[in-house]
Amino acid sequence: MVRRDIDVGLLRSFVAVVDSGSVTSAAQLLNKTQAGISMQIKRLEELLDTTLFQREHKRISLAPQGEVLLEHARRIIEMNDEVYGMMTTPSFAGDVRLGLPSDLVSTYAPTILRRFARAWPQVNVQLHSGNSADLVQRLDNGKLDVTLTTEEQLSRRGGETLRFDRLVWVSAQDDVAISELDPLPLAIGGRNCAFRPAILDALRKVNRQWRMVFEVTHQEALTATVEAGLAVNAMLESAVPPNLRILGSSSGLPQLPVFGINIYEPVSSTSELGHELARHIRAEFEMRFGSPAAPVPIKTMRPKRKPVAA
């Protein structure tokens, strides 16, 4: 069997089409023409002698072989970018301090830290968790080198939105009636929680009464309270653990707003390590989620892969 090398650029175009939702969006993301992206997909299909997308009425969706390729393609792109970064940037060693809201730790930290450690094994990432307002303050005071936040709007200059995510209501998996209780039993973050005003404002607008069951800025404690069936809570859809269920519109609870997952570096000066970590985080989000050009649509369940527009 004759082995042939796969052009990483072809895989990057393939993943961009899947992640961005269309050939047109992938072209914008990769700064290429739509025809160029279509040609690269065709070349990849010819190289692998398989069909990666199913095409019907100007819409395309992943074919079974495309599903098989997708995660392998992500790993190849990831390894390519790590090797390129390692060989073309200065050697780094030392400590770098990363701030991360507590509700994002389990969702995003493992992948970010694992990939960064592979690229820079002599760098120690010190992870600091807290609410978004406190993390930005600690960044401004020189106690962090880079931080992520969850905010409806960027809170100051120098910030950048990495992706949008919708706030959703959650309850215990086996509890189908708790959202019907009046007043609504509510577990919520403390006074500085970024989600708190949005949650309470949404309830006030529909004249929905609530009672505080638990009030603390500690994500694990909030999740445990909800999992026990004592209350409902709201969190970013991407951060909902499998042991909780997302409550859709049929629950009667009001719609919640979209939040940005944002990144900040110090305004005055950024350490080389901090800047490299920020660059790494931006690349991670772009690879996984594409461009954050528009808020995510409303969903009532965990997302399944949708057909992709041609």
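Computed from a predicted model, the values in this text were never measured in an experiment.

Observations regarding the packing of aromatic side chains
Summed over the entire model, instances satisfying the criterion amount to three aromatic pairs. Aromatic side chains Phe-14 and Phe-53 sit 5.6 Å apart centroid to centroid with 55° between the ring planes, which places their arrangement in the tilted category. Of this pair, Phe-14 sits in helix α1 (residues 8-20) while Phe-53 sits in strand β1 (residues 53-56), and the two are 39 residues apart along the sequence. Since its relative accessible area comes to 0%, Phe-14 is described here as buried. Phe-53 sits in the buried class, given a relative accessible area of 2%. Consider the rings of Tyr-108 and Phe-285, whose centres lie 5.1 Å apart with planes at 20°: the pair is stacked. Here the residue Tyr-108 occupies a position in helix α5 (residues 105-119), and Phe-285 occupies one in helix α9 (residues 272-289), the gap between them amounting to 177 residues. Relative accessible area serves as the criterion here: at 1%, Tyr-108 is assigned to the buried category.

Re the pairing of strand β8 (residues 210-215)
Two strands pair when backbone bridges link them, and strand β7 (residues 184-188) and β8 are joined in this way by five bridges, in the parallel orientation. Looking across to β8, one finds that Ala-187 is bridged to Phe-214. Crossover handedness for the path β7 to helix α7 (residues 196-205) to β8: right-handed.

Remarks on the environment of Leu-203
As for its position among the elements, Leu-203 is in helix α7. Judged by its relative accessible area of 0%, Leu-203 is buried. Separated by 142 residues in the primary sequence, Leu-203 and Ser-61 have C-alpha atoms spaced 38 Å apart. When residues no more than four places from it in sequence are discounted, the contact partners of Leu-203 are Trp-169, Leu-184, Leu-186, Arg-208, Trp-210 and Pro-254.

With respect to the packing of helix α2 (residues 23-30) against helix α3 (residues 34-48)
Following both chains from N to C, one finds α2 and α3 inclined at 105°, their axes separated by 8 Å at the closest point. Considering their axes alone, α2 and α3 lie roughly perpendicular with respect to each other. Side by side, α2 and α3 meet where Val-23, Thr-24, Ala-26, Ala-27 and Leu-30 of the first sit next to Gln-34, Ile-37 and Ser-38 of the second.

Let's talk about the nonpolar core
Inside soluble globular proteins, nonpolar side chains tend to come together where they are buried. Ranked by internal contacts, the top residues of the largest apolar core, which has 43 residues, are Leu-167, Trp-169, Leu-186, Ile-199, Leu-236, Ile-281 and Phe-285. Not counting residues up to four positions away in its chain, the partners in contact with Ile-199 are Leu-167, Trp-169, Leu-186, Ile-188, Ala-234 and Leu-256. One finds Val-18, Ala-27, Phe-53 and Ala-73 within the second-largest nonpolar core, a separate group that totals 23 residues.

Topic: the environment of Pro-121
With respect to the element layout, Pro-121 can be found in the loop between α5 and β4 (123-130). Once the C-alpha coordinates of Pro-121 and Ala-93 are considered, the two residues, 28 residues apart in sequence, prove to be 8.0 Å apart.

Description of unusual backbone geometry
The omega angle of the peptide bond from Asp-182 to Pro-183 is 5°, so this bond is cis rather than trans. Summarising the element assignment, Pro-183 is placed in the loop between β6 (159-172) and β7. Here Asn-31, not a glycine, exhibits a phi torsion of approximately 60°, which is positive. Among the secondary structure elements, Asn-31 is positioned in the loop between α2 and α3. With a phi angle near 55°, Asn-207 is a residue other than glycine that sits in the positive phi range. When you line up the elements, Asn-207 lands in the loop between α7 and β8.

Points about the pairing of β7
Summarising burial for β7: five of the five residues are buried, a large majority. Of the two faces of β7, the one carrying Leu-184, Leu-186 and Ile-188 and the one carrying Pro-185 and Ala-187 are both buried.

So, helix α4 (residues 64-88)
The end-to-end C-alpha distance of α4, which contains 25 residues, comes to 37 Å, matching closely the 36 Å that a straight helix rising 1.5 Å per residue would cover. The sharpest bend along α4 measures roughly 30° and falls at Leu-70. Residues of α4 that are buried: Gly-66, Leu-69, Leu-70, Ala-73, Arg-74, Ile-77, Glu-78, Glu-82 and Gly-85. In the core, the buried residues of α4 are packed alongside α1, α3, β2 (59-62), α5 and α9.

Concerning the pattern of salt bridges
Under the criterion given, the structure shown has 15 salt bridges. Note that Asp-81 and Arg-12 form a salt bridge whose closest N and O atoms lie 2.9 Å from each other. Taken together, the residues span a long stretch of sequence, with Asp-81 in helix α4 and Arg-12 in helix α1 at a distance of 69 residues. Residue Arg-115 pairs with Glu-78 through a salt bridge whose shortest N-O separation is 3.4 Å. Placement of the pair is Arg-115 in helix α5 and Glu-78 in helix α4, with a sequence separation of 37 residues.

The rules we used
- Residues numbered from 1 in each chain as written.
- Predicted model: local features only at pLDDT ≥ 70, side-chain atom pairs only at ≥ 80, totals over all residues.
- Heavy atoms only, no water.
- Phe/Tyr/Trp six-rings, centres within 6.5 Å; stacked < 30°, edge-to-face > 60°.
- Helix = DSSP H or I, 4+ residues; strand = E, 2+ residues; numbered from the N terminus.
- Buried < 20%, exposed > 50% of the residue type's maximum accessible area, 1.4 Å probe, protein only.
- Pairing = 2+ DSSP bridges.
- Right-handed = clockwise from strand over helix to strand, strands pointing away.
- Contact = heavy atoms within 4.5 Å.
- Axes fitted to C-alpha atoms, helices over the stretch in contact; angles between N-to-C directions.
- Parallel < 35°, antiparallel > 145°, perpendicular 65-115°, else oblique.
- Core = buried A, V, L, I, M, F, W, Y, C linked by side-chain atoms within 4.5 Å.
- Expected span 1.5 Å × (residues − 1).
- Bend = angle between axes of the 7 residues up to and from the residue.
- Salt bridge = Lys/Arg side-chain N within 4 Å of Asp/Glu carboxyl O.

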